[in-house]
Amino acid sequence: MLSSLLKEHTKESHQSLEAVVVRSIKAIRDKEGYINLLHKFYGFHYPLEQLQDQFLNDSNIPSYSDRRKASLILDDLKNLEAPLPNEIASSLPKVDSLSAALGTYYVMEGSTQGGSIVANMLIKHAGMSEHNTRFFYAYGEGGKQMWQSFKEKLDSYGDDPSFNDQVVKAADDTFTLFREWMGKV
């Protein structure tokens, strides 16, 4: 199954990104730190969503239009009365096919799995509220169900080794480039 293949073959790059993101989140102690984090996330999510939109839609990803995250970041920034992000990542994974779009989307969608934990950390340690942590709490209590429906659709693409290799490469590249983007000050 493709979702298992992705998990297995991107484990190292996934853990590397996760370490950078967790360190960034744990360092936040105030509104400004949180705003900076949201700017970083938007700078990667927004341009990547634009690339993914060329290949992904509600027919090939369940509820794709409801899964968009960049607008949630903007909503959180608005609720914080913060300026809009002004820096966008220029090093993005190549998204030139459905397989590449699925690989990049695997990373972005997978990041929602720990979202409620992150939101609770931000509420507890940085004085944020549910009103301005919607990006991290994107699906509310439905997070596991949304992830499961995405994985089921991903697994429905079959066992074409060439297709699967392209998906895995795109996911691995996304983890790596996102880590590099998050590591920039």
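Anything mentioned here points back to the structure above.
Not measured: the values here are computed from a predicted model. One numbering rule holds for all chains: residues counted from 1, following each sequence as written. In keeping with the predicted nature of the model, local features appear solely for residues at pLDDT of at least 70, side-chain atom pairs appear and are counted solely at 80 or more, and the whole-chain, interface and lining totals rest on all residues. Side-chain metrics rest on all non-hydrogen atoms present in the structure, leaving aside hydrogens and water.

(A) Molecular detail of the overall build of the protein. Secondary structure is summarised from DSSP: a helix means a run of H or I of at least four residues, a strand means a run of E of at least two, and numbering begins at the N terminus for each. Along its length, the protein carries 8 helices and 0 strands. Just to be clear, the radius of gyration here is over C-alpha atoms, and the globule rule we use is 2.2 Å times residues to the power 0.38. Against the 2.2 N^0.38 benchmark of 16 Å for 185 residues, the protein shows a C-alpha radius of gyration of 16 Å, consistent with a compact globule. Only heavy atoms matter for contacts: two residues are in contact if any of them lie within 4.5 Å across the pair. Contacts in the protein between residues at least 24 apart in sequence constitute 84% of all its contacts with a sequence separation of at least 6. All accessibility values rest on the Shrake-Rupley procedure with a 1.4 Å probe; residue burial counts only the protein chains present in the view. Working note: accessible area of the protein is about 9,600 Å², and carbon and sulfur atoms make up 50% of it. Within the protein, the 25 negative side-chain charges are centred at a point lying 5 Å from the centre of the 20 positive side-chain charges. By the counting rule applied here, Lys and Arg register as positive and Asp and Glu as negative, while His and the ends of each chain are not counted. By convention, charge coordinates are those of NZ in Lys, CZ in Arg, CG in Asp, or CD in Glu.

(B) Inspection of the nonpolar core at higher detail. In plain words, nonpolar cores are sets of buried Ala, Val, Leu, Ile, Met, Phe, Trp, Tyr and Cys residues tied together by side-chain atoms within 4.5 Å. Burial classes follow relative accessibility: with a 1.4 Å probe on protein chains only, a residue under 20% of its type's maximum area counts as buried, one over 50% as exposed, and anything between as partly exposed. Core analysis: the largest hydrophobic core is formed by 51 residues, its most contacted members being Tyr34, Phe41, Tyr106, Phe136 and Met182. The element that contributes the greatest number of residues to this core is helix H8 (residues 161-183), accounting for 9 residues. Setting aside residues up to four positions removed in sequence, tyrosine 34 forms contacts with Ile28, Asp76, Leu80, Leu122, Met128, Asn132, Thr133 and Phe136.

(C) Layout of the pattern of salt bridges. Definition used for salt bridges: Asp or Glu carboxyl oxygen within 4 Å of a side-chain nitrogen of Lys or Arg. Using the criterion set out here, one finds 6 salt bridges in the structure. The partner of arginine 68 in a salt bridge is glutamate 49, with the nearest N and O atoms 3.3 Å apart. In this pair, arginine 68 is assigned in the loop between helix H3 (31-52) and helix H4 (70-79) and glutamate 49 in helix H3, connecting sequence segments 19 residues apart. Ionic contacts of the salt-bridge type, sharing partners, join the residues Glu49, Asp53 and Arg68 into one network.

(D) Molecular detail of unusual backbone geometry. The backbone of serine 63 sits at a positive phi, close to 55°, despite the residue not being glycine. In this structure, serine 63 sits in the loop between H3 and H4.

(E) How the structure looks around the environment of tyrosine 46. Along the polypeptide, tyrosine 46 turns up in helix H3. Taking the C-alpha atoms as reference, tyrosine 46 lies 24 Å from methionine 121; in sequence the two are 75 residues apart. Aside from chain neighbours lying at most four places away, what touches tyrosine 46 is Ala70 and Ile88.

(F) Quick look at the packing of aromatic side chains. Ring geometry is summarised as follows: Phe, Tyr and Trp rings, the Trp one being its six-membered ring, pair when their centres sit within 6.5 Å, and such pairs are stacked at plane angles under 30 degrees, edge-to-face over 60 and tilted between the two. Following the criterion strictly, the structure yields 12 aromatic pairs and no others. Where tyrosine 106 meets tryptophan 147, the ring centres are 5.7 Å apart and the plane angle is 45°; that geometry is what we call tilted. With tyrosine 106 in helix H5 (residues 98-110) and tryptophan 147 in helix H7 (residues 143-155), this pair connects stretches of sequence that are 41 residues apart. Each member of the pair, tyrosine 106 as well as tryptophan 147, carries the same accessibility label: buried. Each ring, one from tyrosine 157 and one from phenylalanine 163, has its centre 5.7 Å from the other, and the planes form 20°; the classification is stacked. An aromatic cluster is defined as three or more aromatic residues linked by ring pairs; in this entry it consists of Tyr34, Phe41, Phe44, Phe135, Phe136 and Phe178. Both a distance and an angle decide whether a charge sits over a ring: NZ of Lys or CZ of Arg must be within 6 Å of the ring centre and within 35 degrees of the ring normal. For lysine 40, the ring lying beneath its charged end belongs to tryptophan 181, and the centroid distance is 4.0 Å.

(G) Geometry of the side chain of aspartate 155. Note on placement: aspartate 155 falls in helix H7. Of the side chains with opposite charge, lysine 151 lies nearest to the buried aspartate 155, which makes no salt bridge, at 6.5 Å.

(H) Focus on H5. Expected helix span is taken as 1.5 Å per residue step, with the number of steps being one fewer than the number of residues. Along its 13 residues, H5 runs 18 Å from first to last C-alpha, staying within 8% of the 18 Å computed at 1.5 Å per residue. Most of H5 is tucked away: 11 of the 13 residues are buried. Those residues of H5 hidden inside the fold are in contact with helix H1 (2-9), H3, H7 and H8.

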